[in-house]
Structure formats: structure tokens, C-alpha cells
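Report on the structure
These are the residues of each chain, in order.
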Amino acid sequence: MLELINVNKTFNIGTANEKKALDNLCLKLKDGDFVTVIGGNGAGKSTMLNAIAGTFRIDSGSIILDGKDITNLPEHKRAAFLGRVFQDPQMGTAPSMMIEENLALAARRGQKRGLSWGITATERAGYRELLESFGLGLEDRMTTKVGILSGGQRQALTLLMATLKKPQFLLLDEHTAALDPKTAEKVLDLSEEIVQRDHLTTLMITHNMKDAIRHGNRLIMMDEGHIVLDISEDEKKNLTVADLLQKFSMASGHEETNDKLLLS
Amino acid sequence: MGSLLNALPGAVSQGLIWGIMAIGVYITFRVLDVADLTVDGSLATGGATCIMLIRAGLNPWIALLAAFAVGMAAGFITGILHTKCGIPAILSGILTQLSLYSINLRIMDSKANQPVSVDKYPLLISSRHVSEFSIENPILLMIIFSAVVISALYWFFGTEKGCSVRATGANPNMARAQGINTNSNIILGLMLSNGLVATSGALLAQFQGSADVNMGRGAIVIGLAAVIIGEVVFGKIFKSFWLTLLAVVIGAVLYYIVLQIVLMLGLNTNDLKMITAIIVAVFLAIPFWKNKLAGKRLGKKEVSGDA
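Here's a quick rundown of the structure.

Let's shift gears to the packing of aromatic side chains. One pass over the structure, following the stated rule, counts eight aromatic pairs over all chains. Among the aromatic residues, ring-to-ring pairing joins B:Tyr26, B:Phe156, B:Phe157 and B:Phe241 into one connected group.

This part is about the pairing of strand S10 (residues 226–231) of chain A. Residues and elements named next belong to chain A. With five bridges joining them, strand S9 (residues 218–223) and S10 adopt antiparallel strand pairing. Paired with Met221 across the strands is Leu229, a residue of S10. Between S9 and S10, which follow one another and run antiparallel, lie two residues, and Glu224 among them has a positive phi close to 50°.

Here the focus is the sheet that holds strand S7 (residues 169–173) of chain A. All names here are of chain A. Taken in spatial order, the six strands make up an open sheet running S6-S7-S8-S3-S9-S10, and their pairing is mixed. Each edge of the open sheet carries a strand with a single partner, namely strand S6 (82–85) and S10. Taking the axes of each pair of neighbouring strands and ignoring which way they run, one obtains an average angle of 20° across the sheet. The sheet contact formed by S7 and strand S8 (residues 201–205) spans five bridges and is parallel. When the bridges of S8 are listed, Leu170 appears paired with Thr202.

Before going further, it helps to spend a moment on the sheet that holds strand S1 (residues 2–11) of chain A. Backbone hydrogen bonds are what pair the strands of a sheet, in a parallel or an antiparallel way. Residues and elements named next belong to chain A. Ordered in space as S2-S1-S4-S5, the four strands form an open sheet in which the pairing is antiparallel. Both edges of this open sheet fall to strand S2 (19–29) and strand S5 (68–69), since each of them pairs with a single strand only. Of the pairings in the sheet, the one linking strand S4 (residues 60–65) to S5 comprises two bridges and is antiparallel in character. Residue Ile64 lies in a different strand from S5, and its bridge partner there is Asp69. Against the sheet, helix H1 (residues 45–53) contacts S1, S2 and S4, and its axis sits at roughly 65° relative to S2.

Analysis parameters
Residues numbered from 1 in each chain as written. Chains lettered and ligands numbered in written order. Predicted model: local features only at pLDDT ≥ 70, side-chain atom pairs only at ≥ 80, totals over all residues. Heavy atoms only, no water. Phe/Tyr/Trp six-rings, centres within 6.5 Å; stacked < 30°, edge-to-face > 60°. Pairing = 2+ DSSP bridges. Helix = DSSP H or I, 4+ residues; strand = E, 2+ residues; numbered from the N terminus. Axes fitted to C-alpha atoms, helices over the stretch in contact; angles between N-to-C directions. Contact = heavy atoms within 4.5 Å.

Everything listed here is a matter of coordinates, which is why it stays silent on function.
The following block contains the structure:
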């Protein structure tokens, strides 16, 4: 389904801040895979997701989606088949626009935007039902500006927007990291629910090892810009956090990363 | 008081004409969140284009349309400089504005000023008719014109395309994640904005009976003044988009009325630009100061809470 082949990316080339973020990264996903991604700070997790989303151009390598080379496709065009939720709740919504307007924008992801009205009455009714079904208490606040919602509400809304038009691929970039534990759990459950309902192929970065083990059918661990550990569904079932840490230090060959991993 | 009443129609007409310009500034400054300085040049370009075409015998409506098109072209250049060449928006605008000065002189046959007499040409609007009760009264024409512009923009920003332009200004990251080409939307917004600014310049040149190469100097500040006055006076009661645009137009009118009063109080006209700049600076600073003050109070509370 999605394939990354020898992807390389170095930031700030030729400066003191030069950083190799992705180092010959290879990854192959099957249709319907729900992969959790863990790794320390600077391991290249977010960079990998951004490379897939097309936020920047990669230095070398290729990105293949369903047999199509999308390496040089600009970000807004890739959005046609990608749904994304970011770490920062501010990033996924337009604060000065209403809830329903944000949803209407998301409903047209990948479509040509013409001169017909930006939101229709039937749509509005549909959004109301949708919001109601998720029990966020937003269905009566459809014309509220998103900017005044809480971080958790905004993140839940971003998740709905990312999946409103069923994406081929869902990218969740530590999307619960900025939320309080209770809200984080809620948003995570909502993510699980949507991913299961639509059988979405998903990549989810998390810094919570328990979440990484509990969710998804595959777990990968990154270090220094590539994947050092790839754990399949069967193996993952009986995995504990302690196992994971041990596996990681063996795979990466350095002990101190344990702390980095745990603290991040 | 009597002289103020006499001067009022002129001030209102000018305010309404600048209101169109201010709507253009609103589109870049508030909707797109880009400070576009192209307008200082494109206002004069609109005036120059329109006047030269009218002098060449063209229908003034077509000349007005041409001014709109030339303004859009100016906005397009700024947009390309910004999005395709990676030049910061402010600098892109300044570069276009500077080159427009030369272009405007070329349009105006290398003269800094080109007159157009209402006696010789069928102008749409002229300061001569400000106090007449007739169809030619510029206030009447400008009210209708403003209503048409506001309605058209209300429609456009409600469409799928218009919504995507608003999203581009509100959160470009989100916009791209939702498949919106933010670069082309920024260019589109700049074109629309400068088209309106040039149209305003074309109307202004007809109103005052000449196009002047310097007529756009400081236009951005007047436009911002109108936007800010509109927001300060009507921000609490005017919530919907078309009312916000209306507030901007009324803001421009209020600006010109205040200006007229200040002038009548005996202020030196040479100081006007400085006064306008100070007013705009203060109003732009107020939200910042408010936040800072609120932050300080919050900080104090936290400290006392700990103790």
C-alpha cells in the first residue's frame, strides 16, 4: 500500500545545525495496517510522517502509494488521500472559522473547490448528526468559532475532519501529547473507533509505550532516522514495556537511549 | 458649523471612495493575514490607467474595468514574488510598489499629473456634483457601488473557493492538510485586493479631476485606519462578514469626516500623514498592550496563589 524506499532527509545542510533526520528509511505497509511508532526525541518519527505528507521534499529515495510514485507530489495534492492530525491542537483547524465551516472545508479535501456555496443545508444536518454521535457536545455549537474551543475539542474536531472524507491513509502525529490524560484517552479511543470503523491504514506516533502496545497491529521503533525494531501483531500481543525497552537497547546498540525514550 | 456642513458631502464622498480601497486592504490584512504594501502603487496605477483611457475616448465604465484588471496584475506580481520566489510579503509589496512608480509614469505619458475635465469627458463621478440632489451625486453612486462590491465579496467568500481563501489566511497548515493550494490562494487574494484598490484609485482620480503619480502615497495607512476604525466602532455589534465589510467602508467615511473637522480646527495639512500614522500605530498597539497587561495580572495572581 504505502512504501518508503531509502528515504533520506538532512535539515540545515552546511550549517552548524545540520541534522540527518531520515537515514535510508525503509517501510512497507499493508492495506489496513494500524502501525504505532515510538522512538526518542529526534529519532525521525515526525519527520517520517511529514515526508509522507509532503511538508518538505526529501533529499533522495522514493515514496510509493498504491503503486504510484508520489515523491514529488506537492503537499496539498497528497492531501487528497491523506488525513492528518498534528501534535499541536492549534494546527489542525482554522480558529477564525466556525465548526461547520471547518468541517465543510474538510469534506472537500481532494476535490476541486469551485464557486458553489461553501456549505449546504444537507451537509449541515449531516455534521450535526455526526457530532452528536461522537458525544462531544459540539452539535449545538456548530456556528461557534473553533478558536474558542478547548485543546481536546479542537483535537477531536481535527480527527473528525481528517476522516470525514475517508482517507486512504491516516497520519496521527502524537495527537494526544498536548492534552491532559483524561482528554488524551478520550481522543485516543475516538481514534481507535474511527480507524476500526473505516478500516483505515494508519500510522500513529506516540510517546506512551503502553498506548503503542495496546493499539494497532504492528509496532515500529525508530532511532537515528531509521527503523530499528519492527514488531508484528502476534509478537505484540504479549509484549510488556520492559520487553520493549530491552529490545530497543539491543537493537539500537546504546543503553542511554532508554532514558531518552522514557523521558520524551 | 456651517462650513463643516458644506464640506461634509465632499468628505463623505471621498470616504466612500476610499472605502473600496479599505475593503481591498481588509482582504489582505485581515482575511489573508498578509500586510501588502503594493496598494500604495496600485491605487495610482488604477487612477492613471482609468484617466488615460478616458482621455483616449474610452467609455468610463470600461476604463474602470481596465483599472481593476491592471490592479489585479499588480497583485499577481506581488503574489508571485512572495509565493514562488520566497520573498517576504512586505518586501514583495514594496518591490512591486516601487516598480509601479515607473510604470505609472509611463502610463501617464511621463507626466506626474494628468487632468481629466468633467466638462470634456463623461466621468462617472466628480467632486463638482457633491452637493447636488441628482443622479450624478457621487455619494449616491458610491453607496450603490459599495453595496455591489460588498455583496459580490460576501458571495465569493461564502463559496467553496472563497472559504478556502479564508482558511489559507486563518491557518495555512490546516489549509494544506485539507488539500488547499495556499500559494495560489494567496495570489488570488492579492489580485482581488489590488483590483479593488486600483478601482478605488480610478474613482478617486475621476472625482478629483486628475490622476497623480503620488496619489497612492500612504494609502496603506489610510486603508488600515479605515479597517481599524470600523473594527473599533462596530466590532462588538457587526459580526457577520458583510457587516464587517460595511464597517470598513463606514470606517473610511468616519476617517474623512474626522479629517475634515481636524482641518477646520486649523491644523496644518502637512501634518496629516503623521497624525494618521500615529492614530493607526496606537490602534494597532492597543490589542498588544491589552494582552501584556492581562498577562501581568495573571502572573501576579499565580505568584500570590503559590504563597
